[in-house]
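Overview (structure and organization)
Below, each chain spelled out in residue letters.
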Amino acid sequence: MNIDEVAEPIGVITAETAAFALDRFADRNARVPGSSVVHAMRPARFLGRSVPGLGCGTAVGGWDWSRLLPTAEPITCSRCRRDPATREDEDRLDHAAQLALDLDPTD
């Protein structure tokens, strides 16, 4: 095999994979499979790239960020909730824009 036949250098593949992984978590929190705890997603550095990480800094099995599951559920991890960045994120949420459900049975 000729070295010139290699389609993409590993750095390009890593950059695309990292970007795809981060896109999955746009405006989302993270859950580790098998756990009911919801973590704040914070980008972490891996091989010089930004990849999904947990706000509390808990390691994810061998840096396999593909195991993390995006979720819109509220953060329940006590360590993530103590992080000032998490509180700032929650303060920016526009709770007033949430639609109210009229569940009055007398209608």
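In what follows, the accompanying structure is described. (Residues numbered from 1 in each chain as written. Predicted model: local features only at pLDDT ≥ 70, side-chain atom pairs only at ≥ 80, totals over all residues. Heavy atoms only, no water.)

**Overview of the overall build of the protein**
- For the protein, the helix and strand inventory stands at 3 helices and 5 strands.
- Reading the helices (α) and strands (β) of the protein from amino to carboxyl end gives α-β-β-β-β-β-α-α.
- With 107 residues in all, the protein has 25% of them scored as buried.
- For the protein, restricting intrachain contacts to residue pairs at least 6 apart in sequence, the fraction spanning at least 24 positions comes to 53%.
- Approximately 7700 Å² of the protein is accessible, and the part contributed by carbon and sulfur atoms is 56%. (Helix = DSSP H or I, 4+ residues; strand = E, 2+ residues; numbered from the N terminus. Buried < 20%, exposed > 50% of the residue type's maximum accessible area, 1.4 Å probe, protein only. Contact = heavy atoms within 4.5 Å. Areas by Shrake-Rupley, 256 points an atom, 1.4 Å probe, with all protein chains shown as cover.)

**Comments concerning the pattern of salt bridges**
- Counted according to the given criterion, the structure contains 2 salt bridges.
- A salt bridge links Arg31 to Glu73; its shortest N-O distance comes to 2.6 Å. With Arg31 in strand S1 (residues 29-31) and Glu73 in the loop between strand S5 (69-71) and helix H2 (78-82), the pair connects residues that are 42 residues apart, well separated along the chain.
- Look at Glu73 and you get partly exposed, because its relative accessible area is 38%. (Salt bridge = Lys/Arg side-chain N within 4 Å of Asp/Glu carboxyl O.)

**Details of the sheet that holds S5**
- Taken together, 3 strands build an open sheet; the order of strands is S2-S1-S5 and the sheet is antiparallel. Strand pairing shows two members of the sheet lacking a second neighbour, strand S2 (38-39) and S5, which therefore form its edges. (Pairing = 2+ DSSP bridges.)

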